[in-house]
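# A closer look at the structure
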Amino acid sequence: MTADLRHAGAEPGEGDGEGDGGAPAASAPPSLPAERTHRPPRSRLRRWLRRAALGCAVVFVAVTAASFVYNGVTAGRAAPPRGLRYVQAADIRTRYETWGTAGPPVVLVHGAFESVDTWSRLAPLLARDHRVYALDLTGNGYSERHGPYTADHFARQLLGFLDAVHLGGPGERPLLVGHSSGAAVVTEAALRAPGRLGGVMLLDGDALDTGAGPPPAFKYVLIDPYRTSLLRLGLGVDAVIRSLYDAQCGPACPRLDAAGLDQWRRPLRVPGAESALWSMLAAGVPGLPEDRVARLAGVHLPKSVVFGAQDDVFGKQTPRETARRIGAPPATLIPGARHLTMISSPEAVAAAVDRLTAASVAASR
């Protein structure tokens, strides 16, 4: 009776947990959610790479857009200073300056990314006993930008400048002073027209084509709009200009004030300066093959080599080797000076020019 009541209304296998033969019924294990299953490492790597690629694409688009906007905002170009003097030198409208009214002529030829203003400490000292001339090579300063920016083209401009200012004839043969890469320019001019010159000085330069400059991949890595943005940002930071100047000039040089900063900055902000800069960087620092520089030894002109003793642009043996190569007396080393000797040590450079002038005058008798 009790068993009948206990099972009354119950379906077989329900209510008491017993099944066939009284054994407990087995329950199926629960299934794991799909999202909690183990993913293989390769799948996680692909997901990470997709996310990284998306992040890079977002950054690239943002930086590119910002670069275009910044370049547009800063597109205005600076005007050259007022009162500059120009002359047509070969095919280049050339900015130049003069100092002094009497004495043997001296023509100062600057190096890469320099200008007439680089000589502002030396030229007045030379003007006490010389007529001094300085010009902006094309691509630099405020002369017309007109490539190619090679030693050959610069030398043609220099010889054209001598024509324009009536130098090179009897009694008017100038001493050429070429600084840094300007050494190659005066060397090439001397090889082409030795009879028009009174002497040649290589100042902090060996005149050689050393391949100096950015690597060939530079023009593919630094492209617009990014290179323009980087240049303009760098030029806008006084500390960047001062650090480059200090590294090349050394502790003996005067600190750049506002006018000094403008002297180095403004030429790179005038119309056409940026495109010329990229062309010059792509071509590298201008120079001549070693065998051509060595031909200067056979040219009967007074020559000298002057270097800063602490010039780290060149090796320690460069001054001695350069003097030997061009047939000059032993090189003059200026104690404590680096690469911009005409700024750090104008008195010492002026004394070296005076000695070379004396040798030139003696050779002409």
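Note that the structure is a prediction, hence the values are computed from the model and not measured. (Residues numbered from 1 in each chain as written. Predicted model: local features only at pLDDT ≥ 70, side-chain atom pairs only at ≥ 80, totals over all residues. Heavy atoms only, no water.)

## Focus: the overall build of the chain
Selection rule: Secondary structure elements are defined from DSSP: runs of H or I of at least 4 residues count as helices, runs of E of at least 2 residues count as strands, and each element is numbered from the N terminus. In what follows, residue pairs with any heavy atoms lying within 4.5 Å of each other are defined as contacts. The method behind every accessible area is Shrake-Rupley, applied with a 1.4 Å probe, and residues are considered shielded solely by the protein chains displayed.
Helix and strand counts for the chain come out as 14 helices and eight strands. Residue pairs in contact within the chain that sit at least 24 positions apart in sequence constitute 76% of those at least 6 positions apart. Summed over all atoms, the accessible surface of the chain reaches about 19,300 Å², with 59% contributed by carbon and sulfur.

## So, a nonpolar patch on the surface
Note the cut-off: Patches here are clusters of residues that have more than 30% relative accessible area and form no salt bridge, with a 9 Å joining cutoff for like charges and a 5 Å cutoff for nonpolar side chains (Val, Leu, Ile, Met, Phe, Trp, Tyr). For this analysis, a salt bridge means a side-chain nitrogen from Lys or Arg found within 4 Å of a carboxyl oxygen belonging to Asp or Glu.
On the surface, a nonpolar cluster with roughly 340 Å² of combined accessible area is contributed by Leu 45, Trp 48 and Leu 49. With respect to the helices and strands, the residue Trp 48 is situated in helix H2 (residues 41–73).

## What to know about the nonpolar core
Stated formally: Only buried residues count toward a nonpolar core, which is a set of Ala, Val, Leu, Ile, Met, Phe, Trp, Tyr and Cys residues joined through side-chain atoms within 4.5 Å. Only protein chains enter the area calculation, which uses a 1.4 Å probe; residues under 20% of their type maximum are buried, those over 50% are exposed, and those in between are partly exposed.
Counting 44 residues, the largest nonpolar core has Val 107, Val 109, Leu 135, Leu 158 and Phe 161 as its most contacted members. Setting aside its immediate chain neighbours within four residues, Val 107 contacts Tyr 133, Leu 135, Leu 158, Phe 161, Leu 162, Leu 167, Pro 174, Leu 175, Leu 176 and Val 177. Membership of the second largest hydrophobic core comes to 31 residues, among which are Trp 119, Leu 126, Met 201 and Leu 356.

## A word on the pattern of salt bridges
Applying the stated criterion across every chain yields a total of 14 salt bridges. Here Glu 172 makes a salt bridge to Arg 131, at a shortest N to O gap of 3.0 Å. Linking Glu 172 in the loop between helix H4 (151–164) and strand E5 (175–179) with Arg 131 in strand E4 (residues 131–135), this pair joins segments that are 41 residues apart in sequence. Classification of Glu 172 by relative accessible area gives partly exposed; the value is 25%. Salt-bridge contacts for Arg 292 lead to Glu 188; the nearest nitrogen and oxygen are separated by 2.7 Å. Here Arg 292 is found in helix H11 (residues 290–294), whereas its partner Glu 188 is found in helix H5 (residues 182–192), with 104 residues between them in sequence.

## Topic: unusual backbone geometry
Leaving glycine out, the prevailing phi sign among residues is negative, and the prevailing peptide bond configuration is trans. Omega for the peptide link from Gly 147 to Pro 148 comes to 5°, which places this bond in the cis form. By the secondary structure assignment, Pro 148 is in the loop between E4 and H4. The backbone phi angle of Ala 90 is positive, close to 55°, even though this residue is not glycine. Locating Ala 90 in the fold gives a position in the loop between strand E1 (85–89) and strand E2 (92–99). The phi torsion at Phe 113 lies on the positive side, around 65°, for a residue other than glycine. Considering the arrangement of structural elements, one finds Phe 113 in the loop between strand E3 (105–109) and helix H3 (123–126).

## A short note on the state of the cysteines
Rules: Throughout, disulfides are identified as pairs of cysteine sulfur atoms within 2.5 Å of each other.
According to the stated counting rule, one finds one disulfide in the structure shown. For Cys 249, the disulfide goes to Cys 253, at an S-S distance of 1.7 Å. Judged by the sign of its S-S torsion, about -75°, the cystine formed by Cys 249 and Cys 253 is left-handed.

## A word on the confidence of the model for the chain
Operational definition: Along the chain, pLDDT gives the predictor's confidence residue by residue, from 0 to 100.
Chain-level pLDDT for the chain is 88 on average; 87% of the residues reach the 70-or-more range. This stretch, residues 1–25, has a pLDDT under 50; its non-local contacts, to residues over four places away or in other chains, come to six contacts.

## Considering the sheet that holds strand E8 (residues 332–334)
Operational definition: Whether two strands pair comes down to DSSP finding at least two bridges between them. Fitted lines through C-alpha atoms give the axes, limited to the stretch in contact for helices. The angle between two N-to-C directions lies from 0 to 180 degrees.
Strand order in the open sheet formed by eight strands is E1-E2-E4-E3-E5-E6-E7-E8, with mixed pairing between adjacent strands. Bordering the open sheet on either side are E1 and E8, each of which pairs with just one other strand. This sheet shows a mean twist of 25° between the axes of neighbouring strands, independent of strand direction. Inspection of the sheet shows E3 paired to E4 by five bridges, in the parallel sense.

## Details of the pairing of strand E6 (residues 199–203)
Using the following cut-off: When the strands point away from the viewer and the connection leading from the first strand across the helix to the second strand turns clockwise, the crossover is called right-handed.
Counting buried positions along E6 yields five of five residues, so the element is predominantly enclosed. Residue alternation in E6 divides its side chains into two sets, Gly 199, Met 201 and Leu 203 and Val 200 and Leu 202, and both sets are buried. Relative to E6, E5 is paired through five bridges, and the arrangement is parallel. Residue pairing for E6: Val 177 is matched across the bridge by Met 201. Following the chain from E5 across H5 to the adjacent parallel E6, one finds a crossover that is right-handed. Both E6 and strand E7 (residues 303–308) contribute to a ladder of four bridges, which runs parallel. Note that in E7 the partner of Leu 203 across the bridge is Val 306.

## Points about a positive patch on the surface
Test applied: When charges are counted, neither His nor the chain ends are considered; positive counts come from Lys and Arg and negative counts from Asp and Glu. The atoms used to mark charge sites are NZ of Lys, CZ of Arg, CG of Asp and CD of Glu.
Where like charges cluster on the molecular surface, the positive patch consists of Arg 42, Arg 44, Arg 46, Arg 47, Arg 50 and Arg 51. Structurally, Arg 42 can be placed in helix H2.

## Some remarks on the packing of helix H7 (residues 226–235) against helix H10 (residues 273–283)
Selection criterion: Each angle is binned into one of four classes, with values under 35 degrees roughly parallel, values over 145 roughly antiparallel, values of 65 to 115 roughly perpendicular, and all other values oblique. Side-chain classes are defined by residue name, with Ala, Val, Leu, Ile, Met, Phe, Trp, Tyr, Cys and Pro counting as nonpolar, Asp, Glu, Lys and Arg as charged, and the others, Gly among them, as polar.
Packing of H7 against H10 leaves a shortest axis separation of 12 Å and a crossing angle of 105°. Classified by the angle between their axes, H7 and H10 sit roughly perpendicular to one another. Across from Arg 227, Thr 228, Leu 231 and Arg 232 in H7, the residues of H10 making contact are Glu 274, Leu 277 and Trp 278. Grouping the constituent residues of the contact of H7 with H10 by class yields three nonpolar, one polar and three charged.

## Some points on the pairing of E5
Most of E5 is tucked away: five of the five residues are buried. Residues Leu 175, Val 177 and His 179 point to one face of E5 and Leu 176 and Gly 178 to the other, with burial holding for every one of them. With four bridges connecting them, E3 and E5 associate as parallel partners. Bridge pairing in E5 places Val 106 opposite Leu 175.

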